[in-house]
Amino acid sequence: MDIYEGKAKKMIPIDEDKFIMEFKDDATAFDGVKKAKFKGKGWLNAQISARLFKLLEEYGIKTHFIGVAGDNRLIVERLKMYPIEVVVRNVVAGSLKKRLPLPEGYELPEPIVELYYKSDELHDPMINYHHAKILGVSEGEIKEMERIALKVNEILKRYFAERGIILVDFKLEFGKNKKGEIVLADEISPDTCRFWDAKTKRSLDKDVFRFDKGDLIEAYRELYKRLTGEEAPTF
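None of the values given here were measured: they were computed from a predicted structure.

*Asks:* Just checking my understanding: could you explain the environment of valine 86 for this structure?
*Replies:* With respect to the helices and strands, the residue valine 86 is situated in strand 8 (residues 80-91). Each residue touching valine 86, except ones within four places of it in the same chain, is listed here: Val113, Glu114, Leu115, Met145, Ala149, Phe170, Lys171, Leu172 and Phe174.

*Asks:* Can you help me understand the packing of aromatic side chains in this one?
*Replies:* In this description, a pair of aromatic rings is defined by centroid distance and the angle of the planes. As enumerated under the stated definition, the model contains eight aromatic pairs in all. Ring centres 6.0 Å apart and planes at 70° place the aromatic pair tyrosine 4 and phenylalanine 19 in the edge-to-face group. Of this pair, tyrosine 4 sits in strand 1 (residues 4-5) while phenylalanine 19 is found in strand 3 (residues 18-23), placing the two residues 15 residues apart along the sequence. Centroid distance phenylalanine 53 to phenylalanine 65: 6.1 Å. Interplanar angle 15°. Geometry classified as stacked. One end of the pair, phenylalanine 53, is in helix 1 (residues 41-58); the other, phenylalanine 65, is in strand 6 (residues 65-70), and twelve residues separate them in sequence. Using a relative accessible area of 0% as the deciding quantity, one classes phenylalanine 53 as buried. One aromatic cluster in this structure is built from Trp43, Tyr224 and Phe235. Above the plane of the ring of phenylalanine 209 lies lysine 34, whose end atom (NZ or CZ) is 4.9 Å from the centre.

*Asks:* Looking at this model, I keep getting lost on the pattern of salt bridges. Mind explaining?
*Replies:* When the charged atoms of two side chains with opposite charge come close together, those side chains can pair. Counted according to the given criterion, the structure contains 31 salt bridges. As a salt-bridge pair, glutamate 5 and lysine 24 come within 2.8 Å of each other at their nearest N and O atoms. With glutamate 5 in strand 1 and lysine 24 in the loop between strand 3 and strand 4 (26-29), this residue pair connects regions lying 19 residues apart in the sequence. Judged by relative accessible area, lysine 24 falls into the buried class, the value being 14%. Bridged by salt links that share partners, the residues Lys9, Glu85, Lys118, Lys171, Glu173, Asp186 and Glu187 form one connected network.

*Asks:* Looking at this structure, I do not really get helix 6 (residues 216-228). What am I missing?
*Replies:* Helical geometry: 3.6 residues make up each α-helical turn, so side chains three or four residues apart lie on a common side. Taking 1.5 Å of rise per residue, 13 residues should cover 18 Å, and helix 6 covers 18 Å from first to last C-alpha, within 8% of that figure. Summarising the contacts, the buried residues of helix 6 are in contact with helix 1, helix 4 (139-161), strand 11 (165-176), strand 13 (193-197) and helix 5 (207-210). Just downstream of helix 6 lies glycine 229, where phi reads positive at about 75°.

*Asks:* Explanation requested: the sheet that holds strand 2 (residues 9-13) in the structure shown.
*Replies:* Hydrogen bonding along the main chain pairs the strands of a sheet, whether they run parallel or antiparallel. Read across the open sheet, the five strands follow the order 1-2-3-7-6; overall the sheet is antiparallel. Two strands in the sheet have a free side with no partner beyond their single neighbour: strand 1 and strand 6. Summarising the sheet, strand 1 and strand 2 pair through two bridges and their orientation is antiparallel. Its bridge partner lying in strand 2, tyrosine 4 is registered against methionine 11. Of the strands in this sheet, strand 3, strand 6 and strand 7 (73-77) touch helix 1, which is tilted by about 150° from strand 6.

*Asks:* I tried to follow the packing of helix 1 against helix 4 on my own but got confused; where do I start?
*Replies:* A packed helix pair is summarised by two numbers, namely the angle formed by the two axes and the spacing between the axes. In the contact formed by helix 1 and helix 4, the axes pass within 11 Å of each other and the chain directions differ by 120°. Considering their axes alone, helix 1 and helix 4 lie oblique with respect to each other. Read as a crossing pair, helix 1 and helix 4 show a hand that is right-handed. In contact with Arg51, Leu52, Leu55 and Leu56 of helix 1, helix 4 contributes Val152, Ile155, Leu156, Tyr159 and Phe160. Grouping the amino acids of the contact of helix 1 with helix 4 by side-chain chemistry returns eight nonpolar, no polar and one charged.

*Asks:* Explanation requested: the pairing of strand 11 in the structure shown.
*Replies:* A regular strand places its side chains so that they alternate between the two faces of the sheet. Across the twelve residues of strand 11, ten count as buried, placing the element largely inside the fold. Here strand 8 runs beside strand 11; their pairing, made up of seven bridges, is antiparallel. Residue arginine 89 lies in a different strand from strand 11, and its bridge partner there is aspartate 169. Turn length for the strand 11-strand 12 (residues 182-185) hairpin, with the two strands adjacent in sequence and antiparallel, is five residues, and the turn residue glycine 180 shows positive phi of about 85°.

Conventions used here
Residues numbered from 1 in each chain as written. Predicted model: local features only at pLDDT ≥ 70, side-chain atom pairs only at ≥ 80, totals over all residues. Heavy atoms only, no water. Helix = DSSP H or I, 4+ residues; strand = E, 2+ residues; numbered from the N terminus. Contact = heavy atoms within 4.5 Å. Phe/Tyr/Trp six-rings, centres within 6.5 Å; stacked < 30°, edge-to-face > 60°. Buried < 20%, exposed > 50% of the residue type's maximum accessible area, 1.4 Å probe, protein only. Lys NZ or Arg CZ within 6 Å of the ring centre and 35° of its normal. Salt bridge = Lys/Arg side-chain N within 4 Å of Asp/Glu carboxyl O. Expected span 1.5 Å × (residues − 1). Pairing = 2+ DSSP bridges. Axes fitted to C-alpha atoms, helices over the stretch in contact; angles between N-to-C directions. Parallel < 35°, antiparallel > 145°, perpendicular 65-115°, else oblique. Left-handed = near helix turned anticlockwise from the far one by under 90°. Nonpolar A, V, L, I, M, F, W, Y, C, P; charged D, E, K, R; others polar.

Next comes the structure, spelled out in structure tokens:
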């Protein structure tokens, strides 16, 4: 069985039903133009993702998470993945400030849900229901992904607010299991979300690397500490 390797993770097959999802220390930005390695990044993303998947499962969100297989490895369910990314935005930041006449940091009156086609070659373009249908994803499937994404947002926004963190926006991916159920997949980490300190608006996510805002690992360690109440190891 083949190993699938992306920019930040490896998917290592265990059997017909499960993968090992291994988080790498690599960081990339701007379609891979900017690259670096940060010791401990894989551990932090794996542990943060595991904690958030467990939280969502407690609230009835079905995910592909099965268990932790090591410092930077999770065991996950094998799914047929959709070629769609679902982005939920609570605050104007990133590409949204280029598309709306609103300042960065503006709190949206309600979440915005956006769809993107997963394609490095095409730079993950934004799409709509009509495009998704051409890609083999029905309107009903998209609506279910959006429903789950908004529920995830409701849970995580409250959870992070209690820890002094603003959930600015985040990306989710989904797959279908053997039962035909739509399941939350991939990761939920500071690589795939924007987190700001509620008081200072300091970034605690990959924007630290993207825009040279400081020490990436220290930002991720701070996020881990807020979530767990524990210090991350020294890498």
